[in-house]
Amino acid sequence: MNIQEKYIKRCLQLAENGLGSTYPNPMVGSVIVYEDEIIGEGWHQKAGEPHAEVNAINTVKKPELLKKSTIYVSLEPCSHFGKTPPCSDLIIAKGIKKVVVATVDPFAEVAGRGIKKLMEAGCDVTLGVLEKEAQDLNKRFFTFHNKKRPYIILKWAQSEDGFIAPHKREDRAPVWLSNRYSKQLVHKWRAEEQAILVGTQTAIDDNPKLNTRLHAGPNPVRVVIDREGKIPKDSAIFDGSIKTIIITEHIPEITSENIEYREADIKKHLPEQIGKILHQENLQSVIIEGGRQTLQSFIDAEIWDEARVFTGNVQLKEGISAPEFQGKLISEEKIEDNQLKIYLND
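Rules behind the numbers
Along each chain, the written sequence defines residue order, and numbers are assigned to residues from 1. Two thresholds apply to this predicted model, a pLDDT of at least 70 for residue-level local features and 80 or more for giving and counting side-chain atom pairs, whereas whole-chain, interface and lining totals are computed over all residues. Note that water and hydrogens are dropped before the side-chain values are worked out from all heavy atoms of the structure. Only centres within 6.5 Å qualify two rings of Phe, Tyr or Trp (six-membered ring in Trp) as a pair; their planes then separate them into stacked at under 30 degrees, edge-to-face at over 60, and tilted for everything else. Put simply, DSSP H or I for four residues or longer makes a helix, DSSP E for two residues or longer makes a strand, and each gets a number counted from the N terminus. Remark: exposure states derive from per-residue accessible area (1.4 Å probe, protein chains only) relative to the maximum for the residue type, with buried under 20%, exposed over 50%, and partly exposed in between. As a reminder, the over-ring test applies to NZ of lysine and CZ of arginine, requiring each to be within 6 Å of the ring centre and within 35 degrees of the ring normal. Any Lys or Arg side-chain nitrogen located within 4 Å of an Asp or Glu carboxyl oxygen qualifies as a salt bridge. When DSSP finds at least two bridges between two strands, those strands are taken to pair. Only the stretch in contact is used when a helix axis is fitted, and all axes are lines through C-alpha atoms; the angle between N-to-C directions ranges over 0 to 180 degrees. When checking whether two residues touch, look at their non-hydrogen atoms; a contact exists if any pair is within 4.5 Å.

Asks: Just to check I follow, could you spell out the packing of aromatic side chains for this structure?
Replies: In this description, a pair of aromatic rings is defined by centroid distance and the angle of the planes. All told, the structure shown has six aromatic pairs when counted by the stated rule. Pairing Tyr-7 with Tyr-72 gives two aromatic rings, centres 5.1 Å apart and planes at 50 degrees, and the pair type is tilted. Of the two residues, Tyr-7 is situated in helix α1 (residues 3-15) and Tyr-72 in strand β3 (residues 70-73); the sequence distance between them amounts to 65 residues. Ring centres 5.4 Å apart and planes at 90 degrees place the aromatic pair Trp-156 and Phe-325 in the edge-to-face group. Placement of the pair is Trp-156 in strand β6 (residues 151-158) and Phe-325 in the loop between β14 (320-321) and β15 (328-335), with a sequence separation of 169 residues. On the accessibility criterion, Trp-156 (3% relative accessible area) is buried. Given a relative accessible area of 23%, Phe-325 falls into the partly exposed group. An aromatic cluster is present here, built from Trp-156, Trp-304, Phe-325 and Tyr-343 joined pairwise through their rings. One Lys or Arg, Arg-308, reaches over the ring of Trp-189 and ends 4.5 Å from the middle of that ring.

Asks: Whenever I open this one, the pattern of salt bridges confuses me. Can you help?
Replies: One side chain can pair with another of opposite charge once the charged atoms of both are near each other. What the rule picks out here adds up to 18 salt bridges. Across the salt bridge formed by Lys-188 and Glu-192, the nearest N and O atoms sit 2.6 Å from each other. You can see Lys-188 and its partner Glu-192 sitting in helix α7 (residues 180-192), four residues apart, about one turn around the helix. Here Glu-289 ties to Arg-190 by a salt bridge, and the two come within 3.0 Å at their closest N and O atoms.

Asks: I keep staring at the sheet that holds strand β10 (residues 244-248) and nothing clicks. Help me out?
Replies: Within a sheet, neighbouring strands are paired by backbone hydrogen bonds and run either parallel or antiparallel to one another. With respect to topology, nine strands assemble into an open sheet ordered β11-β10-β9-β8-β12-β6-β13-β16-β15, the strand pairing being mixed. Strands at the two margins of the open sheet, each flanked by one partner only, are β11 (259-263) and β15. Between one strand axis and the next, the sheet turns through 20 degrees on average, direction left out of account. Sheet topology places β15 next to strand β16 (residues 338-344); seven bridges connect them, and they run antiparallel. Each residue of the ladder has a partner; that of Ile-335, found in β16, is Asn-338. Docked against the sheet, helix α10 (residues 292-300) engages β6, β8 (195-198), β9 (221-225) and β12 (285-288), running at close to 135 degrees with respect to β6.

Asks: Looking at this structure, how should I read unusual backbone geometry?
Replies: Glycine aside, residues mostly have negative phi angles, and peptide bonds mostly take the trans form. The step from Tyr-23 to Pro-24 runs through a cis peptide bond, and the omega angle for that step is 5 degrees. Its place among the elements puts Pro-24 in the loop between α1 and β1 (29-34). Gly-290 connects to Gly-291 through a cis peptide bond whose omega is 5 degrees. As for its position among the elements, Gly-291 is in the loop between β12 and α10. Even without glycine at this site, His-269 takes up a positive phi of about 50 degrees. Examined against the element boundaries, His-269 turns out to sit in the loop between β11 and α9 (270-280). According to the relative accessible area criterion, His-269 is exposed, its value standing at 60%. One non-glycine residue, Lys-317, lies in positive phi territory at about 70 degrees. Note that Lys-317 resides in the loop between β13 (306-311) and β14. A relative accessible area of 72% means that Lys-317 is categorised as exposed.

The structure is reproduced here in structure tokens:
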């Protein structure tokens, strides 16, 4: 690892602190280096608040050193006025002449303009240091802007013998195949993503709340497929506590507070339609938690990015089979008596 990679790696570590709190902005980290010593660092903490470069500059105790320093940043400095002024203007104003950037910002309002502005002001700009790592960190942001849909995470739990649920239920309650530690992890994931989606049958059978009650953090927007309005109105998803989007073929005349309806042709290319709807809603990521038919529809349409699969220490012997898919295994871990495998659609 060379010296530039060393400091960009630190930028990426800082940026990750913003996971779940910077939407719709990307996660960004920045460090300022003088004579091979970090004299300032920061990250973007929340949308509407100062960006990483601003926070890094503000931590420098001797501002006179900025003109002799190099600023490293994990994503191209912005060049436009949004809720905060352009970071490229601030870098120029502070007299920082050396800038190292991991990757270009795909957002149309930036997309190379920040780098161009810096170069036109006489800055020495290095681009593409740990570029892939930087894009992977902001996979949600890049997918949203490049593919015009959210980053799609498939998640399910299955038994040792490959079933996700029994055929019959005695009551409206989930059949737990994962342990309490796995459940807590899932709620942490929910706090990190912008939306969570289930199909009609899961909403009817499990009556899920789809919130983050087992982990501190924001609740994702609930998205539910309900083609014909079959889900009982006393279901948890209709409690009004969280913004909920119902994807349906028939929008009712009377709606409830915090419940929004979006029309779709459920029979035709539904995953593509959902991707478009969620993009229009400015949602950069979604966890799809089931059921089997919903998960398989995204797999078959090749519209998914990541699959997170728990295997519990349970034998069902019969029931609803787990989805069938192919992906690149990128991680595997034991969580007590559960096995977690994460795959990429590679």
